[in-house]
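One letter stands for each residue in the lines below.
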Amino acid sequence: MNTFGQLLRITTFGESHGPAIGCVLDGCPPGLALAPEDFVHDLGRRATGRTRHTSQRHEADAVEILSGVYEGRTTGTPIALLIRNTDARSKDYAAIAQQFRPGHADYTYWAKYGHRDPRGGGRASARETTMRVAAGVVAKAWLRAHAGVEVRGFLAQIGSTRAEGFDAHSPDWSVVEGNPFFWPVADDVPALESAMDALRKSGDSVGARVSVIADAVPAGWGEPVYGKLDAELAAALMSINAVKGVEIGAGFDAVTQPGSVHRDVMRNERGRIEFATNHAGGIVGGISTGQSVRCSIAFKPTSSLRLPVESIDTAGAAVEVVTTGRHDPCVGIRATPICEAMVALVLMDQALRHRAQCGDVAPVDVRLADARKP
Ligand code: EPS
């Protein structure tokens, strides 16, 4: 299962220390403008080695478009993208090749396959997320051109520090993009930098929570039973390495909200449907409501630590594991563009499916607007 999506199918391939990583996107409609430069911004937001707060592996992450684009536009044939790995340091992994890092996929890959590439985490490495972001660039561009949809995210929490005192439904995106953490409150950034410096020196790691908002999603995207929009978002987001939880809208807070609070009251504002709140996260019955689609994603603390820990090796012998690779003290810090990409890919797939089934049916809000206008 290295492929997901239905009308838009994404396959990623490659290992962290192999010659290259890549993806194939099948099902993108023709005519979308696409050039290698379009990938630079989002890949740079995700990349290692751009600030002192992430892994210091330096990869250019330059995308080669191998197919599916002619004279700067997609042709409707599979889009193949490739990035060559240039800064792998495989000797860092020699000592732990037969050992299991607690909390890492080392053990489960070995238990399942018996034979694995341990260098840089192999296929279980965060390096794999590069191609999700590359594919997401295409989805974001199509969503913007097709429906004016914007998918953006921010970091809502690092460890026990929560972002507070800002509009979580509509953050100031220039603040989010203006610091190395995608943090929505500018005044907090100096303290976060100090905390991350101290954490890095300690050798330990923390988790984080990312929030993603997709604005201008029209009503009607999603499937009512199997293939619900929220179910597919949750599956796609849970497929990102290190993700341990996904919430849609109010998420687990819905447990304590009375129904009278949780329901998002609707009214007709001069022919347009408006909702007083968005506890549903823009999805009801598996189908988008026309409000912003909102989700939150929990990342566990990085499992590769230079702090020694007792474990076992592939022969079952007790060992002390020390990891010497170039690791992130908090993988969640550069996860915002990864989560945005997964949301965009799911939305584009659902948009294509909606168009395939209902493309010749007028949008409900237009009919309502016409019916209620004086
Ligand atoms: C990773 C381990 C490190 C990170 C890597 C993810 O690999 P290495 O030890 O080879 O530097 O640098 O992240 C990336 C290379 C990337 O592009 O995200 C891991 O175990 O997940």
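Coordinates for the structure precede this section.
Here's what I pulled together on the structure shown here. (Residues numbered from 1 in each chain as written. Predicted model: local features only at pLDDT ≥ 70, side-chain atom pairs only at ≥ 80, totals over all residues. Heavy atoms only, no water.)

### As for the pairing of strand S17 (residues 309-312)
One ladder, built from four bridges, connects S17 with strand S18 (residues 318-321); its direction is antiparallel. When the sheet's bridge partners are listed, Glu310 is paired in S18 with Glu320. Remark: five residues form the turn of the hairpin made by S17 and S18, two consecutive strands paired antiparallel; Gly316 in that turn has positive phi of roughly 85 degrees. (Pairing = 2+ DSSP bridges. Helix = DSSP H or I, 4+ residues; strand = E, 2+ residues; numbered from the N terminus.)

### Some words on the packing of helix H3 (residues 129-147) against helix H8 (residues 336-358)
Running from N to C, H3 and H8 cross one another at 50 degrees; their axes reach a closest spacing of 7 Å. By the angle between their axes, H3 is oblique relative to H8. Pair H3 / H8 crosses with left-handed handedness. Facing H3, whose interface residues are Thr129, Arg132, Val133, Ala135, Gly136, Ala139, Lys140, Trp142, Leu143 and His146, H8 presents Pro337, Ile338, Glu340, Ala341, Met342, Ala344, Leu345, Leu347, Met348, Ala351, Leu352 and Arg355. (Axes fitted to C-alpha atoms, helices over the stretch in contact; angles between N-to-C directions. Parallel < 35°, antiparallel > 145°, perpendicular 65-115°, else oblique. Left-handed = near helix turned anticlockwise from the far one by under 90°. Contact = heavy atoms within 4.5 Å.)

### Concerning unusual backbone geometry
At Asp61, a position not held by glycine, the phi torsion is positive, near 50 degrees. Mapped onto the elements of the fold, Asp61 is located in the loop between helix H1 (40-46) and strand S4 (64-67). Positive phi, normally seen in glycine, also occurs at Phe182, with a value near 60 degrees. Looking at the secondary structure, you find Phe182 in the loop between helix H4 (173-176) and helix H5 (189-202).

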